[in-house]
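Per-entry structural report
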Number of protein chains: 4
Amino acid sequence: MSNTLGTLLKITSFGESHGAAVGVVLDGCPAGLELNTEFIQSELLRRRPGQSKITTARNEKEEFEIISGIFEGKTTGAPITIIIPNNDTRSKDYDHLAGVYRPSHADYTYQEKYGHRDHHGGGRSSARITAGWVAAGAIAKQLLSKSGIKVQAFVSQAGNVVLSKPYKALDLAKTENNIVRCPDEETANQMIELITEVKKQGDTIGGVITGVISHVPVGLGEPVFDKLHATLGHSMLSINAVKGVEFGSGFEGVKMRGSEHNDAFVPGEKIRTKTNYSGGVQGGISNGEDIVFRVAFKPVATIMKDQDTVDSSGKATTVMGKGRHDPCVVPRAVPIVEAMAAIVLADFVLRARTTKLDV
Amino acid sequence: MSNTLGTLLKITSFGESHGAAVGVVLDGCPAGLELNTEFIQSELLRRRPGQSKITTARNEKEEFEIISGIFEGKTTGAPITIIIPNNDTRSKDYDHLAGVYRPSHADYTYQEKYGHRDHHGGGRSSARITAGWVAAGAIAKQLLSKSGIKVQAFVSQAGNVVLSKPYKALDLAKTENNIVRCPDEETANQMIELITEVKKQGDTIGGVITGVISHVPVGLGEPVFDKLHATLGHSMLSINAVKGVEFGSGFEGVKMRGSEHNDAFVPGEKIRTKTNYSGGVQGGISNGEDIVFRVAFKPVATIMKDQDTVDSSGKATTVMGKGRHDPCVVPRAVPIVEAMAAIVLADFVLRARTTKLDV
Amino acid sequence: MSNTLGTLLKITSFGESHGAAVGVVLDGCPAGLELNTEFIQSELLRRRPGQSKITTARNEKEEFEIISGIFEGKTTGAPITIIIPNNDTRSKDYDHLAGVYRPSHADYTYQEKYGHRDHHGGGRSSARITAGWVAAGAIAKQLLSKSGIKVQAFVSQAGNVVLSKPYKALDLAKTENNIVRCPDEETANQMIELITEVKKQGDTIGGVITGVISHVPVGLGEPVFDKLHATLGHSMLSINAVKGVEFGSGFEGVKMRGSEHNDAFVPGEKIRTKTNYSGGVQGGISNGEDIVFRVAFKPVATIMKDQDTVDSSGKATTVMGKGRHDPCVVPRAVPIVEAMAAIVLADFVLRARTTKLDV
Amino acid sequence: MSNTLGTLLKITSFGESHGAAVGVVLDGCPAGLELNTEFIQSELLRRRPGQSKITTARNEKEEFEIISGIFEGKTTGAPITIIIPNNDTRSKDYDHLAGVYRPSHADYTYQEKYGHRDHHGGGRSSARITAGWVAAGAIAKQLLSKSGIKVQAFVSQAGNVVLSKPYKALDLAKTENNIVRCPDEETANQMIELITEVKKQGDTIGGVITGVISHVPVGLGEPVFDKLHATLGHSMLSINAVKGVEFGSGFEGVKMRGSEHNDAFVPGEKIRTKTNYSGGVQGGISNGEDIVFRVAFKPVATIMKDQDTVDSSGKATTVMGKGRHDPCVVPRAVPIVEAMAAIVLADFVLRARTTKLDV
């Protein structure tokens, strides 16, 4: 396994869904950052299960403890360790899964790869572990705010309900106004309706989250293998259930002509571009425009329906539809997307300090 | 900059478009691999500029030299260094660009980040440097063939010409039968027609490449941060002009219900899945099905039309349409996609040797 | 800061002397290892403060908790997190040190580098944090035992009392027979006498620990930058108070002639060497002989005597001799040396699985 | 194999003794450094074989070519690749060694580990490859000079001839005045005499090199695993034939009392220490005093005498004394020690830019 991400600012993730706790070690955070721990708590609550009628019923308070790296309220440069205990675990709900492989879950691949796995609640493969990432992201966001950089995300698609307005036409401050985290009220309502319907059917659907990083200085990203979007994409694809990521014009841009797609430079106090099909990244380096990306999440694999599958001996069997789960993962994944984006960006901010001869 | 990729099998990339040479150091290749150097040559020729009427006219023979790591035709475990000289450089073609920022190129971001850049032919940001990656990929492919793993890619979209047949209905061996590298002859002809037309207009278009990795053992991938698709995605997004990547059902799968999307396990001598919406990866680990992914390339930024832009002092100016370039990058990018996929997969094959207590 | 060590088997260290806890995340441990947790406890007790009259009086029970990575008593391949709470902290003992720099401690360098430090008990710079390393080392030792590799260390010098017998003439099983961890009873008694005397004087002395790794397979080590002894040396120099490390003949070997120093190969079922001036490593790779090394520890910097120094404003002041400390660090450092050696060796054992084409 | 060293400033080493060339890729060098290539040449000549009567007769001009990363005389931030062709190779001299293991060389360990090796001149295990390191070090030195940091080394022991004066009593500028690179003329002459005598006998001896890094800012080093001396020590132990490294008081300091050994802080415009037993490093971080270290080199393994050994089938045989070699490696190793120290220090200078919240 490989549970450390980053070059200078690094997170090491640990924990299982139904173990004692999940958590994270954040290493490389500069010293002297006055830490707002209430913000960490509020970010964790955004990711919290049981937060609304369209999320899983698992009820975690998401209380956390910082056990290292902070002194008198400020970071010391030492590794920051955050522990988030697992409280509302119902391991017995998973006893019937010890020898059965749930379709499109990681049961089979973990069993085959490691030969020995914790099957309770998905064990290490559970999205529960992203609680630690969100906690680390809450610190990264505080770091970024010192450079004025802002990371925001919102739900732009749930199933076939698509938010078609361009993000510039939206007020992203409204994202938290509804339980689906879509800043357009009308679309949000359609999404909630759809998710509620799907939930009733015991089924699930996928969704898309759009990320927008604004007030980005020119020059973040480390070509040719740690290009800004490549590393950001890596972090997005690390999130459970993500099947795709695109930047700027993405897959749609393929159809355009170069003459349309090219982002003409516009003179001014600061050089800007007229359009932003590049999504804020050119040659793997931020150009000062908003970094815009979209992340595709597959339908949640746990459904309330019986499914045909095989057991660990390879025999046909049925996995029963039970347990607690989300009918659609994207509302709770918004803070995860933001957290991963913030961690990656903060690492690049630090790395960018070493690009030129003189600081 | 960060020019090394991989954990055990690592490539370090170097060189500029109009420098003496481009190249690569491949470290961590197991000892004892009988190297087929003709295969390296043939792979380089697939990426070669000037290979057809729909590619750039730059004429490189892509002769290469292996200056370390091989003894009596076999790898020794030592780093393998491959040098590919730049011969057909016309640096003067770029003199007018020293102080001008080409739209949607990396001129501006490199200048701002580094304060000093080689503007000839894009310098370090040129796709010329992927020649080294293709050479390393040709070795990785030979490594993978020892495990029976096969990496293939083909053009599945050029502009709005889409290859709609599922890849299973195609004969991928036909990919090399035409200059656009689309295995379906009819679609290939449409693509060639479109690219030819676009080229006449002095314009460019984007495209999509589909990758298929077959005969993959179960168990490749290192969660939670080096998941197979996350690392593969990282490598794809490192390729010049790539704006998006998706696995299995990708962005389309978002609209599906979990009950449709889940890949039911099917009993048998080897456990298989009925469908493959997962794209061969579950929980970040290969499940033995084909790994299927799609990579979006934006329209080539260099066009044969004058464009409004700014110069390095921030004043408005015009960049003239001249130079040699591809009207559509995907035909030549097919071997690059395959190379990066092969390098990543081979690294995972080595890493997978250390997962369990006993080899 | 950089708190992660290793390539495949990695430890991430966290915690401060007087914080809530110290601990470690061990990532990359192969799945399926039946873990003996009592052994972890016994190793921690070997490092425990307050274990004898010649160690510090700080009294930690060294109770630990494994909060991730283990399921039904066996490793799962997931990161293993071990927490060791700090119980017997007397932070008030350190209040007078907030603005004073203790000579030859890390107070000044941490303050200057980070601008903000936890001054209680040395904070992050305290040897207390090696408790986590010892816990991880106890797991690494269990891994190594599967390959038959044995890691042992003992005190070979305390101040000017030198154990002059070659290690082959000693019974290393006797190392734990006395409180100074020297396997030769007579020398041990001299060492204890010296340390007791030095303690009475409120002073401290240094010492040397010899490490012996036996039953090592040929082929461990990754030239040219992760040579076995270079990486092992790195880990030794990471231990608090270490000022030097040498392998085989070390500094003494400098005076020898090549004709004496060369280790002649001897035929046999297994190729062996007649002598072992190389210390078991040739060209950075184990040759199958015992890996032998010596680690020099400086005298403990905390003394029970007043010392001239400066305060954080740069003014002359006196630091008073008080607090709890070891008069000589080597008896308690023996398990730390063994732990770091075991972690490094286990990483190399895993890496060696990827050297050749076939496993 | 693992041929990359460093975190932000990284070198990747490649090449074999009798291959086409040896070389290095230096990645992460800040952009805008005006490169003095004559200095690179002069450093290479200091390491050059055949430079005096007490070195090997192999005659390399050490001409080098920079094939990437430099534009108009300045670094661009892109990887800098330096190639140093092998010209004076006499591979036939090594034909008799294909199946024989030279004692205390890496023949046996490479053969066993990799199963396939280049036996000419030691192949990858040859000190020839340090030419690339010296070239990279010459760039690192130029980087360091921007921060005022100076790296110097000299021979302080050859066999039993010891330079007993403290380095402060020496004029290090005189190091290059004699062929043995000892700044004390009288001792230098004794060393030369000894080496000449040993050479006549067809034998070899070892030596010690002392390194002094001066004008070091406070705050370099990244605890707890990339402590300044641990990482520096790692790089020293990576140099061929090195068997030990010590910092400050090193192994001798073990005998001292804490009350003597502690470096009292002295008030002043800049805080200094009265003594420097710490060798300029406290808690793994530079304290502003000179960083002082000693590196032990074993006697050269190649001797002009027949030696008993075994062949690759395990049978007893004799390896004949022939070939070209150094009777004592330290005179030519002085620039290598400086180069590795410079590379490590420059990396730490870059990393230190990211320690605090504000640059």
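Residues numbered from 1 in each chain as written. Chains lettered and ligands numbered in written order. Predicted model: local features only at pLDDT ≥ 70, side-chain atom pairs only at ≥ 80, totals over all residues. Heavy atoms only, no water.

Now for the overall build of chain A. If you tally the helices and strands in chain A, you get 8 helices and 18 strands. In terms of overall dimensions, chain A is globule-like: its C-alpha atoms have a radius of gyration of 21 Å, near the 21 Å expected for 359 residues. Along the longest, intermediate and shortest principal axes, the C-alpha atoms of chain A span 65 × 50 × 35 Å. The 359 residues of chain A split such that 70% are buried. (Helix = DSSP H or I, 4+ residues; strand = E, 2+ residues; numbered from the N terminus. Rg over C-alpha atoms; globule rule 2.2 N^0.38 Å. Buried < 20%, exposed > 50% of the residue type's maximum accessible area, 1.4 Å probe, protein only.)

Residues and elements named next belong to chain C. On the secondary structure map, Val161 appears in strand 9 (residues 161–162). Residue class for Val161 comes out buried when judged on its relative accessible area of 10%. Sequence separation between Val161 and Thr317 is 156 residues, and the spatial gap between their C-alpha atoms is 35 Å.

This part is about the relation of the copies chain A and chain B. Superposing chain A onto chain B requires a rotation of 180° together with a translation of 0.0 Å along the rotation axis, leaving an RMSD of 0.0 Å. Here the symmetry operator amounts to a two-fold rotation axis. For chain A, the minimum C-alpha distance to the rotation axis belongs to A:His234 and amounts to 2.5 Å. In this assembly, 100% of the residues forming the interface of chain A have copies in chain B that are likewise at the interface, indicating an isologous arrangement. (Least-squares fit on C-alpha atoms with pLDDT ≥ 70 in both. Contact = heavy atoms within 4.5 Å.)

Listed by partner, the interface residues are 107 residues for chain A and 108 residues for chain B. When the buried area of chain A at its contact with chain B is split by residue, A:Lys113, A:Phe225 and A:Lys243 rank highest and sum to 11% of it. Among the ionic pairs, A:Glu222 bridges to B:Lys113, the shortest N-O distance being 3.0 Å. Our count for the chain A to chain B interface comes out at 53 residue pairs in polar contact (both at pLDDT 80 or more). Of the residues belonging to the side of chain A that touches chain B, the class tally is 47 nonpolar, 40 polar and 20 charged. (Buried area = accessible area lost by both parts, 1.4 Å probe. Salt bridge = Lys/Arg side-chain N within 4 Å of Asp/Glu carboxyl O. Polar contact = N/O pair within 3.5 Å; in protein donor to acceptor, adjacent residues only side chain to side chain. Nonpolar A, V, L, I, M, F, W, Y, C, P; charged D, E, K, R; others polar.)

Our next topic: the interface of chain B and chain D. Contact residues are listed per partner, giving 37 residues for chain B and 37 residues for chain D. Of the roughly 2,800 Å² buried between chain B and chain D on both sides combined, carbon and sulfur atoms contribute 62%. On inspection of chain B and its partner chain D, the count reaches 8 residue pairs in polar contact (both at pLDDT 80 or more). If you list the elements that add at least two residues to the side of chain B that touches chain D, you get strand 2 (10–15), strand 3 (21–27), strand 4 (65–68), strand 6 (74–75) and strand 7 (80–85) of chain B. Taken together, the residues of the side of chain B that touches chain D sort by class into 12 nonpolar, 16 polar and 9 charged.

To continue, consider the relation of the copies chain B and chain D. Relative to chain D, chain B is turned by 180° and slid 0.0 Å along the rotation axis, the superposed coordinates differing by an RMSD of 0.0 Å. When the interface residues of chain B are mapped onto chain D, 100% of them are again interface residues, pointing to one common binding face.

Once that is clear, we can look at the state of the cysteines. One pass over the full model with this rule turns up 0 disulfides over all chains. You can see D:Cys328 has no disulfide; the closest cysteine sulfur is in D:Cys182, sitting 12 Å from it. (Disulfide = S-S within 2.5 Å.)

All names here are of chain A. Following the criterion strictly, the structure yields 76 salt bridges over all chains and no others. Asp107 is the partner of Arg117 in a salt bridge, and the nearest nitrogen-oxygen pair spans 3.6 Å. Of the two residues, Arg117 sits in the loop between helix 2 (107–114) and helix 3 (130–145) while Asp107 sits in helix 2, which places them 10 residues apart along the sequence. Of the residues examined, Arg117 reaches a relative accessible area of 8% and is grouped as buried. By relative accessible area, which is 4% here, Asp107 ends up buried. Residue Glu246 is joined to Arg294 by a salt bridge in which the shortest nitrogen-to-oxygen separation is 2.5 Å. Of this pair, Glu246 sits in strand 11 (residues 242–247) while Arg294 sits in strand 16 (residues 291–297), placing them 48 residues apart in sequence. Residue classification places Glu246 among the buried residues on the basis of a relative accessible area of 6%. Residue Arg294 is classed as partly exposed on the basis of its relative accessible area of 25%. Among the charged side chains, a salt-bridge network with shared partners connects Glu43, Arg46, Lys141, Glu176, Arg181 and Glu338.

Let us look at the confidence of the model for chain A. On average, residues of chain A score 95 in pLDDT, and 100% of them reach the 70 mark or higher. Per the prediction output, this complex has pTM 0.98; the corresponding ipTM is 0.97. (pLDDT = per-residue confidence, 0-100.)

The subject of this paragraph is the environment of B:Gly284. Residue and element names in this part refer to chain B. Inspection of the secondary structure assignment puts Gly284 in the loop between strand 14 (281–282) and strand 15 (285–286). Measuring from C-alpha to C-alpha, the distance between Gly284 and Ala230 comes to 7.5 Å, with 54 residues separating the pair along the chain. Setting aside anything within four residues of it in sequence, one finds Gly284 in contact with Leu220, Gly221, Glu222, Lys227, Leu228 and His229.

What follows concerns helix 1 (residues 37–47) of chain C. Residues and elements named next belong to chain C. Buried within helix 1 we find Ile40, Glu43, Leu44, Arg46 and Arg47. Buried residues in helix 1, looked at end-on, bunch into an arc of 155°, giving them a common side. Here the buried face of helix 1 lies against strand 4 (65–68), strand 7 (80–85), helix 3 (130–145) and helix 8 (330–352). One side-chain oxygen at the N-terminal end of helix 1 lies 3.0 Å from the backbone nitrogen of Glu38; it belongs to Asn36. (Arc of directions from axis to C-beta.)

Before going further, it helps to examine the sheet that holds strand 2 of chain B. Residues and elements named next belong to chain B. If you trace the 5 strands from one edge of the open sheet to the other, you get 1-2-3-7-4, paired in antiparallel fashion. Looking at which strands have only one partner, the edges of the open sheet turn out to be strand 1 (4–5) and strand 4. Summarising the sheet, strand 1 and strand 2 pair through 2 bridges and their orientation is antiparallel. Among the inter-strand pairings, Leu5 is bridged to a residue of strand 2, identified as Ile11. (Pairing = 2+ DSSP bridges.)

Residues and elements named next belong to chain A. Contact pair helix 1 (residues 37–47) / helix 8 (residues 330–351): the axes reach a minimum separation of 7 Å and the direction vectors enclose 135°. As judged from the angle between their axes, helix 1 and helix 8 are oblique. For the pair helix 1 and helix 8, the contacting residues are Glu43, Arg46 and Arg47 in the first and Arg332, Val334, Pro335, Ile336 and Glu338 in the second. Considered class by class, the residues forming the contact of helix 1 with helix 8 number 3 nonpolar, no polar and 5 charged. (Axes fitted to C-alpha atoms, helices over the stretch in contact; angles between N-to-C directions. Parallel < 35°, antiparallel > 145°, perpendicular 65-115°, else oblique.)

Residue and element names in this part refer to chain C. The strand order 1-2-3-7-4 describes an open sheet built from 5 strands, whose pairing is antiparallel. Strands with a single pairing partner mark the edges of an open sheet, and in this sheet they are strand 1 (4–5) and strand 4. Two elements, strand 3 (residues 21–27) and strand 7, share 6 bridges in a ladder whose sense is antiparallel. Paired with Val25 across the two strands is Thr81, which belongs to strand 7.

Attention now moves to unusual backbone geometry. Outside of glycine, negative phi angles account for most residues, and trans bonds account for most peptide bonds. The linkage connecting A:Pro223 with the following residue, A:Val224, adopts the cis geometry, with an omega of 0°. Looking at the secondary structure, you find A:Val224 in the loop between strand 10 (207–214) and helix 5 (228–237). Here the phi dihedral of A:Glu62 falls at roughly 55°; this positive angle occurs in a residue that is not glycine. The phi torsion at D:His215 lies on the positive side, around 60°, for a residue other than glycine. Here D:His215 shows up in the loop between strand 10 (207–214) and helix 5 (228–237).

Next up on the list: helix 8 of chain C. Compared with an ideal rise of 1.5 Å per residue, which puts 23 residues at 33 Å, helix 8 of chain C spans 32 Å between its outermost C-alpha atoms and is within 8% of the ideal. Judged by how many residues are buried, helix 8 of chain C sits mostly within the fold: 22 of 23 residues are covered. (Expected span 1.5 Å × (residues − 1).)

What follows covers the side chain of D:His119. Here D:His119 shows up in the loop between helix 2 (107–114) and helix 3 (130–145). Of the polar contacts made by the side chain of D:His119, one reaches the side chain of D:His120; its length is 3.4 Å. Excluding its chain neighbours within four sequence positions, the residues that come into contact with D:His119 are B:Phe71, D:Tyr94, D:Asp95, D:Leu97 and D:Ala98.

This brings us to the side chain of C:Glu43. Residues and elements named next belong to chain C. Along the chain, Glu43 falls in helix 1. Residue class for Glu43 comes out buried when judged on its relative accessible area of 4%. Only 2.8 Å separates the side chain of Glu43 from the side chain of Lys141, close enough to count as a polar contact. Leave out the neighbours within four places in its chain, and Glu43 touches Val134, Ala138, Lys141, Pro335 and Glu338.

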